[in-house]
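# Secondary and tertiary structure notes
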Amino acid sequence: YIRKDKKRIFVLIGAVLIDKQKPSPRAMAFYLDITEQKELDRKKNEFISIASHELKTPLTSVKAFTQILMKQFEHNKDKKSLYFLTNINRQLDKLNELVSDLLDVSKIEEGQLHFENKLFYLDDLIKKVVVDFQYTTKSHMIIKRGETHAHISGDEHRIGQVVINLISNAIKYSPGSDKVIISFKDTPEKTTVSVQDFGEGISAGDKTKIFDRFFRSEKHEGSRISGFGLGLYITKEIIDKHQGSISVESVEGKGSTFS
């Protein structure tokens, strides 16, 4: 909105119908100046971006030195020290993933999340992701049913990021289960990839907010399940940028399927 003093401001506009009576229905509207809020959001995103970039360098160094020590202890058959370092390495992976998510969120908010566009075979990508998961995951069997036979034009790395995030969530939120199923459906118009778990499920109220930034269900607050509520927000942004869609079907206590 441009004010009388020519200053351009951000406004939030809302309206509600008060009286439907014809021929003169009535409504109430409001204009709220949110310029200050927008500026705070910009500063917050700038801080997250700078902090994430600054964390990347020391994290990479610590990760490299940890892996060097792991090889030395493995060579010296020092199992106790190797055990501790393996756990440190695993926690570094989690920290690195969080920093990457924060960087992606800041890029999304600034409209700077870039994508490469090239043709790739979707089956090969998903097969690689499943194999990598199966090597590192002992609690769940990753079951792949069918194939897509689809060549996709888009960013292979980012689509892989989506599949990795959905499988990670399926494992994380189904601690009492031992399998995750990836299935495919092809039509002339589209290819659908579904990731199904048999865990705790999502409530009807949470389903409407599950893709919001920083959203975490109240039942997970204070629980051992870690996360900042960024993965699904980033996932939806990636799919939207590829002119696709993402949805979830879920029954509490029986599991969820993200497609």
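Everything in this summary refers to the structure shown in the same document. Values in this document were obtained by computation on a predicted structure and should not be read as measured data.

## Digging into helix H6 (residues 231-241)
For H6, a buried count of eight out of 11 residues is recorded, marking the element as mostly surrounded by other parts of the structure. Buried residues in H6 make contact with helix H2 (79-109), helix H4 (156-172) and strand S9 (255-258). Looking one or two residues past H6, Gln243 carries a phi angle of roughly 60 degrees, positive in sign.

## A look at the layout of surface pockets
In this structure, the second largest pocket occupies an estimated 740 Å³ of space. Together, 24 residues line the second largest pocket, and Thr191, Thr192, Ile239, Gly244 and Ser245 are the ones closest to its centre. Where the lining of the second largest pocket is concerned, the elements lending two or more residues are helix H3 (122-136), strand S5 (151-154), H4, strand S7 (191-196) and H6. Residue classes in the lining of the second largest pocket are distributed as 11 nonpolar, 10 polar and three charged.

## A few points about the packing of aromatic side chains
Following the criterion strictly, the structure yields two aromatic pairs and no others. The ring of Phe10 has Lys38 sitting right over it, with the charged end atom 5.3 Å from the ring centre. One residue, Lys179, lies across the ring of Phe198, its end atom 5.0 Å from the ring centre.

## Some details on the nonpolar core
If you look at soluble globular proteins, the nonpolar side chains tend to sit buried side by side. Counting residues in each nonpolar core, the largest one holds 35 residues, and the members touching the most others are Ile142, Ile167 and Ile182. Put simply, the parts of the chain that give this core at least two residues each are H2, H3, H4, strand S6 (179-186) and H6. At seven residues, the largest contribution of residues to this core is made by H4. Contacts of Ile182, omitting those with residues within four sequence positions, involve Ile126, Val130, Ile142, Ile143, Lys144, Arg145, Ile167, Val193, Ser194 and Val195.

Conventions and cut-offs
Starting afresh in each chain, residues are numbered from 1 along the sequence in its written order. In keeping with the predicted nature of the model, local features appear solely for residues at pLDDT of at least 70, side-chain atom pairs appear and are counted solely at 80 or more, and the whole-chain, interface and lining totals rest on all residues. Note that water and hydrogens are dropped before the side-chain values are worked out from all heavy atoms of the structure. Partly exposed describes any residue whose relative accessible area lies between the buried limit of under 20% and the exposed limit of over 50%, with all areas from a 1.4 Å probe on protein chains only and scaled to the type maximum. Elements are defined by DSSP. Helices are runs of H or I of four residues or more, strands are runs of E of two residues or more, and each kind is numbered from the N terminus. By definition in these notes, contact holds between two residues if any of their heavy atoms fall within 4.5 Å. Two kinds of site are reported from a 1 Å grid over the protein atoms alone, namely cavities, where a 1.4 Å probe fits but cannot get out, and pockets, open sets with protein on both sides within 12 Å along at least five of seven lines, and residues are called lining when an atom falls within 4 Å of a point. Grid points are joined across faces, edges and corners, and a volume is the space filled by probe spheres set on the points. In this count, Pro and Cys sit with the nonpolar residues alongside Ala, Val, Leu, Ile, Met, Phe, Trp and Tyr, while Asp, Glu, Lys and Arg are called charged and the others, Gly among them, polar. What counts as a ring pair is set by centres within 6.5 Å for rings of Phe, Tyr and Trp (its six-membered ring), and what kind of pair is set by the plane angle: stacked under 30 degrees, edge-to-face over 60, tilted for all other angles. The criterion for a charge sitting over a ring is simple: Lys NZ or Arg CZ within 6 Å of the ring centre, and within 35 degrees of the ring normal. In these notes, a set of buried Ala, Val, Leu, Ile, Met, Phe, Trp, Tyr and Cys residues joined through side-chain atoms within 4.5 Å is what counts as a nonpolar core.

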